[in-house]
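Observations on the model geometry
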Amino acid sequence: EGMLFPERPLEGCHALVTAGPTHEPIDPVRVIANRSSGKQGFAIAAALARLGARVTLVSGPVSLATPPGVARVDVETAREMLDACLAALPAEIAVCVAAVADWRVESEAAGKIKKDADGPPVLRLVENPDILATLARPGPQRPRLVIGFAAETDHLLEHAAAKRVRKGADWLVANSVGAGSGVFGGDTNAVTLLTATGTDSWPALPKDEVAGRLAARIASALSGALS
Ligand code: CTP
Ligand code: CA
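Residues numbered from 1 in each chain as written. Chains lettered and ligands numbered in written order. Predicted model: local features only at pLDDT ≥ 70, side-chain atom pairs only at ≥ 80, totals over all residues. Heavy atoms only, no water.

**Focus on the overall build of the protein chain**
Secondary structure summary: the protein chain contains five helices and 14 strands in total. Here the C-alpha radius of gyration of the protein chain, 18 Å, is about what a compact globule of 227 residues would show, namely 17 Å. Along the three orthogonal principal directions, the C-alpha set of the protein chain runs to about 75 × 35 × 35 Å. Every one of the 227 residues in the protein chain was classed for burial, and the buried ones make up 44%. Of the contacts made within the protein chain by residues no fewer than 6 positions apart, 63% connect residues no fewer than 24 positions apart. (Helix = DSSP H or I, 4+ residues; strand = E, 2+ residues; numbered from the N terminus. Rg over C-alpha atoms; globule rule 2.2 N^0.38 Å. Buried < 20%, exposed > 50% of the residue type's maximum accessible area, 1.4 Å probe, protein only. Contact = heavy atoms within 4.5 Å.)

So, in structure tokens, the structure goes:
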């Protein structure tokens, strides 16, 4: 019956999703960036919206259309992404899919750095804020369900399990990157979902099916927690 299996189980929920890379300026024409198409994050935003959530999608620079029913906030840097996320709270759900640059240069050059006889510039890097860890920190604004993603090249499950705990995330979606896995820019993704109680490995699926499964799982977790 309709009350038990509503078509829009996330009606009334606000979901915050980060997606894409961040770009950290070196000078007016150069950046430090990560590889990320934004496809997986955009697919998750779309899937949550289909289930009735109000979705805020905070996106780094990508070339993707905004999914229907999603409110998009475009940012460039990690610090802008963090500010946009904090401004979007409160939210019941936070899904951090963005490939945030871990470092930025300590001070951006005001003008274009020129090649000259002194040789290549030495860049001094400083660490960016951790958006996932910030959102997951205990407090009145903490979303009920905070979910991270991790792409790892080796020791996938060990690294992912440690990362879930270190960042304070409820769930972590782990995927293996490396030759042929096609995570970056590809259309399929083979992921393992890690929660406090166990792991669940999904077969390689199109990114929008990964998104659909994750959104369904979010809906059932929240309905369990709320009922
Ligand atoms: N993340 C974030 N802000 C950062 C870095 C990462 O929100 N400054 C989020 C990502 O969106 C992802 C999760 O944290 O959901 C894991 O990112 P990852 O780069 O794997 O974690 P790091 O702690 O940066 O570890 P690593 O040294 O492996 O890069
Ligand atoms: Ca990182």
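**Side note on the coordination of the calcium ion (ligand 2)**
Taken together, D102 (OD) and D102 (OD) make up the full set of protein donors to the calcium ion (ligand 2), lying 2.5 Å away. Along the chain, the position of D102 falls in the loop between strand 6 (93-96) and strand 7 (103-105). (Donors = N, O, S within 2.8 Å, 3.2 Å for Na, K, Ca; no water.)

**Comments concerning helix 1 (residues 39-50)**
Here helix 1 is twelve residues long and its end C-alpha atoms lie 16 Å apart, about the 16 Å a rise of 1.5 Å per residue gives. The buried fraction of helix 1 is high, at ten of twelve residues. Downstream of helix 1 by one or two residues, G52 has phi in the positive range, about 100°. (Expected span 1.5 Å × (residues − 1).)

**Overview of a nonpolar patch on the surface**
Together, W103, L123 and L125 give the surface a local cluster of nonpolar side chains, amounting to about 290 Å² of exposed area. With respect to the helices, strands and loops of the structure, L123 is situated in the loop between strand 7 and strand 8 (125-127). (Patch = residues over 30% accessible without salt bridge, like charges linked within 9 Å, V, L, I, M, F, W, Y side chains within 5 Å. Areas by Shrake-Rupley, 256 points an atom, 1.4 Å probe, with all protein chains shown as cover. Salt bridge = Lys/Arg side-chain N within 4 Å of Asp/Glu carboxyl O.)

**Digging into the side chain of D27**
On the secondary structure map, D27 appears in strand 2 (residues 23-27). A polar contact of 2.5 Å, which involves the side chain of D27, links it to the side chain of R30. Within the structure, the side chain of D27 is placed 2.9 Å from the backbone nitrogen of I113, a separation counted as a polar contact. What D27 contacts, discounting residues up to four positions off in sequence, is E108, A109, G111, K112 and I113. (Polar contact = N/O pair within 3.5 Å; in protein donor to acceptor, adjacent residues only side chain to side chain.)

**Description of the site of ligand 1**
Around ligand 1, 14 residues are found, and the nearest of them are C96, A98, P129, L132 and K163. With respect to ligand 1, the side chain of K163 contributes an N or O atom lying 2.6 Å from an oxygen atom. When ligand 1 is considered free in solution it has 570 Å² of accessible area, and contact with the protein chains removes 76% of it. Of all the secondary-structure elements, those providing two or more residues to the shell around ligand 1 are helix 3 (131-136), strand 9 (145-152) and helix 4 (156-167). (Near = heavy atom within 4 Å.)

**With respect to the packing of aromatic side chains**
The full count for this structure, using the stated rule, is zero aromatic pairs. Positioned over the ring face of W202 is R213, at 5.5 Å from the centre of the ring. We note R217 situated over the ring of W171; from NZ or CZ to the ring centre the distance is 5.8 Å. (Phe/Tyr/Trp six-rings, centres within 6.5 Å; stacked < 30°, edge-to-face > 60°. Lys NZ or Arg CZ within 6 Å of the ring centre and 35° of its normal.)

**Thoughts on the pattern of salt bridges**
Summed over the entire model, instances satisfying the criterion amount to eight salt bridges. Residues R8 and E11 are paired through a salt bridge, measuring 2.8 Å at the closest nitrogen-oxygen approach. You can call R8 partly exposed: its relative accessible area is 41%. Assessed through its relative accessible area of 49%, E11 is described here as partly exposed. Measuring nitrogen to oxygen at the nearest pair gives 3.4 Å for the salt bridge that ties R124 to E106. Of this pair, R124 sits in the loop between strand 7 and strand 8 while E106 sits in the loop between strand 7 and strand 8, placing them 18 residues apart in sequence.

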